Amino acid sequence: MTTTVIPPVQKTKATPTRPQPRPFALVRHSLALARRSLIKTIRTPEQLLDVTLQPIIFVVLFVFLLGGAIAGDTHEYLQFLLPAILVQTVVFASVATGVSLNTDLKKGVFDRFRSLPIGRSAPLIGSVLGDLIRYVVATLSLTICGLVLGFQLVTGILPALAAVVMTIGFAFCLSWAFVLLGMVLREPGAVQGVAFLTMFPLTFGTGMMAPSDTLPGWLQAWVKVNPVAHAMEAARGLMIGGPVATHLVWVVAWGLGLLALFAPLAVRAYRRRT
Amino acid sequence: MEYAFEARGLVKRYGKTTALAGLDLSVRQGSVLGVLGPNGAGKTTAVRILATLLRPDEGRAFVGGLDVVKDAAKVRRQIGLTGQYASVDEDLTGIQNLVLIGQLLDLRKSEAQARATELLSEFGLAEAGARQAKTYSGGMRRRLDLAASLVGRPDVIFLDEPTTGLDPSKRDDVWNIVRGLVADGVTVLLTTQYLEEADALADEITVIDHGRSIAHGTPAELKRIVGGQTVIARPADPARLAEAEAILTGVSGRPAESPSRGVVSVPVDGDTQFTEVVARLAQAGISVTELSLRLPSLDEVFFTLTGERSTDESAAA
């Protein structure tokens, strides 16, 4: 062959040129993919059951079954329980991202994402961001349930919003651990199983259901370092009054630590997974 | 740099399984390369490497002169991929699927919308555009999938078994789309298990087996290797089978066989011999219930090239 110059590709239609790279690519791509995941959630609302009905059942169950015994009065117990169960529900909801990503990876659509000129982390960030809707739905569902049962916000709207933001922020950070599981494990069921094993000590090894000074010493030691326990105490402080600052520091430090550890590991695992 | 893409000595192992054992592939700009092979021959692995989804263990591959490992990001701007299983998002509508791809390719929202609308009407999906892809038929999904791989106006398109699982009329739709792409100057790599498909679409065919190229050439060259086509005749009166067999042998110059009861077949070299068979059968007054000219099957190609049957069971890994 003597030709060294490739002839320009002939397009039959007068078409604009190929799209060119634009700045802030990762942000734009992640948001586009977050929107995808949001559409999927809206189209299959049954997958929101775990953040709508389930927490309501928990609240009703705990308040009326245990309230009398633990607090002597169901209303008193509702005040004590609701901020904590909000944290529990939202933290629990963070598992779903890992499970759904694990399912998604097996479908061809992720092959297409891999063949596109987007950051390798974009599909993961997109899923995690898109699932923020789950946390918002959980919060709304519990708020309504709490108000119906007679929960009284002692502090005010702004501190309560701060509690919600803190909780969602922490769940966002923690969800990267489950994204990593979703990348590493083979089956969605396995992701769910392993995630739930870690969820029980995280959410029940806390002062959620009873004041932590009623717990045995070893459990108290765990509660003192467990970020979810601190998030629950901070949420209580922000909603019904009480100490907040120390707990908040614990939550933020843990959250950033988890994010810094698991987000890069998850992206790396995604790159390697074929 | 006259090749649209090129692979040299690709090796890929999965544990003890060797998916590719030194595969070479290349195709000129604006032509169609058919990669033909049985299940487990390494077709999909080769496509995944060229489409930057997988890194080869050894060897190098280039698309538009760019290394698929080192310049992966740039390569991704030039390619479109349609996988073996329709890679569309079932919960999204047709238009949402295409707009998403457009946005990921850095089109502005309005441009992405326009491109999506354009592609949907080109692929006969304009009316279905607002419906979720899960309501689409298999053929519609495949068309949407093809449209999705074209959003970025790629120079090179990889089609991994694009017609597997489609019924013949839907398969023809896909074939026509591929022909349209080539007319637009796009280079296509098409993997298939069907010689017929490669023959219908490809300018050149690479036959691969056990992760290696075992033959390469134009469809005509390959057919010459495997002995062209076969004439099959089924006399209406089974008693006249021997006469029919004699006619077929006479025309072809090769002994006719009876592959199944009441049927005779013989390999022929050109289309003219088929006409001759028709004429002689008519002359002899032998009426037939079936008379056809068919390409050798993939199995026969393999048998000729390797001397062994392409047993899918043992090759599927």
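Please read all numbers here as calculations on a predicted model, not as lab measurements.

**Q** Got a sec to walk through the overall build of chain B? Specific residues and values, please.
**A** Of the regular secondary structure elements, chain B holds 12 helices and 13 strands. Along the three orthogonal principal directions, the C-alpha set of chain B runs to about 70 × 45 × 35 Å. Counting across all 317 residues of chain B, residues that qualify as buried make up 48%. Long-range contacts, defined here as pairs at least 24 residues apart, represent 67% of the contacts in chain B between residues at least 6 apart.

**Q** Let's hear about the nonpolar core: which residues, and what values?
**A** Of all hydrophobic cores here, the largest spans 100 residues; its most connected members are Leu 81, Ala 235 and Ala 266 of chain A together with Leu 98 of chain B. Sequence-distant contacts of Ala 266 of chain A, that is, excluding residues within four places in its chain, are made with Leu 124, Trp 176, Val 179, Leu 180 and Met 183 of chain A. Counting 51 residues, the second-largest nonpolar core is a separate cluster that includes Ile 49, Phe 158, Leu 159 and Val 178 of chain B.

**Q** Before we move on, can you summarise the environment of Ala 84 of chain A with the specific residues and values?
**A** Residue and element names in this part refer to chain A. Along the chain, the position of Ala 84 falls in helix H3 (residues 74-93). Residues Ala 84 and Ala 229 lie 145 residues apart in sequence; the distance between their C-alpha atoms is 8.4 Å. Here Ala 84 is in contact with Met 208, Met 232, Ala 235 and Arg 236, once residues within four sequence places are set aside.

**Q** Help me get a handle on the pairing of strand S2 (residues 17-28) of chain B, residues and values and all.
**A** Residue and element names in this part refer to chain B. Sheet analysis places strand S1 (residues 3-14) next to S2, joined by nine bridges and oriented antiparallel. Each bridged residue has a counterpart across the sheet, and for Phe 5 the counterpart in S2 is Val 27. Where S1 hands over to S2, the hairpin turn is made up of two residues, of which Gly 15 adopts a positive phi near 60°.

**Q** So, the interface of chain A and chain B: which residues are in play, and what are the values?
**A** Contact residues are listed per partner, giving 31 residues for chain A and 35 residues for chain B. Sorting the residues of the side of chain A that touches chain B by element identifies helix H1 (25-43) and helix H5 (108-114) of chain A as the ones contributing at least two each. A per-element tally of the side of chain A that touches chain B places H1 of chain A first, with seven residues. Tallied by class, the residues present in the side of chain A that touches chain B amount to 12 nonpolar, 10 polar and nine charged.

**Q** An account of the sheet that holds strand S12 (residues 264-268) of chain B is requested, with residue identities and associated values reported.
**A** Residue and element names in this part refer to chain B. Taking strand neighbours across the sheet as the criterion, the three strands line up as S12-S11-S13 in an open arrangement whose pairing is antiparallel. In the strand order of this sheet, the two ends are held by S12 and strand S13 (288-294), each with one partner. Averaged over neighbouring strand pairs, the angle between their axes works out to 15° when direction is ignored. Here six bridges tie strand S11 (residues 229-235) to S13, and the two strands are oriented antiparallel to one another.

**Q** Any chance you could break down the domain arrangement of chain B for me, citing the residues and the numbers?
**A** Looking at chain B, the domain boundaries give domain 1 (3-224) and domain 2 (229-294). In this structure, domain 1 of chain B and domain 2 of chain B have C-alpha centres spaced 39 Å apart.

About the thresholds
- Positions within a chain are numbered from 1, following the residues in the order the chain's sequence is written.
- Lettering for chains starts from A, numbering for ligands starts from 1, and both go in the order in which the items are written.
- A pLDDT threshold of at least 70 governs which residues receive local features in this predicted model, and a stricter bar of 80 or more applies before side-chain atom pairs are shown or counted, although totals over entire chains, interfaces and linings include all residues.
- Numbering of helices and strands runs from the N terminus, with a helix taken as a DSSP run of H or I at least four residues long and a strand as a DSSP run of E at least two residues long.
- Remark: C-beta atoms are placed from the backbone, and a residue is labelled buried if 20 or more other C-beta atoms sit within 10 Å of its own, exposed if 12 or fewer do, or partly exposed between those counts.
- Residue pairs qualify as contacts under a 7 Å threshold applied to their C-beta atoms, which are placed from the backbone.
- Linking buried Ala, Val, Leu, Ile, Met, Phe, Trp, Tyr and Cys residues through C-beta atoms within 7 Å yields a set, and such a set is a nonpolar core.
- Any two strands are treated as partners once DSSP identifies two or more bridges connecting them.
- Throughout this entry, Asp, Glu, Lys and Arg are counted as charged residues, while Ala, Val, Leu, Ile, Met, Phe, Trp, Tyr, Cys and Pro are counted as nonpolar. The remaining residues, Gly among them, count as polar.
- Orientation is described by axes fitted as lines to C-alpha atoms, over the contacting stretch for helices, and by angles from 0 to 180 degrees between their N-to-C directions.
- Domain boundaries shown here were taken from an automatic or database domain assignment.

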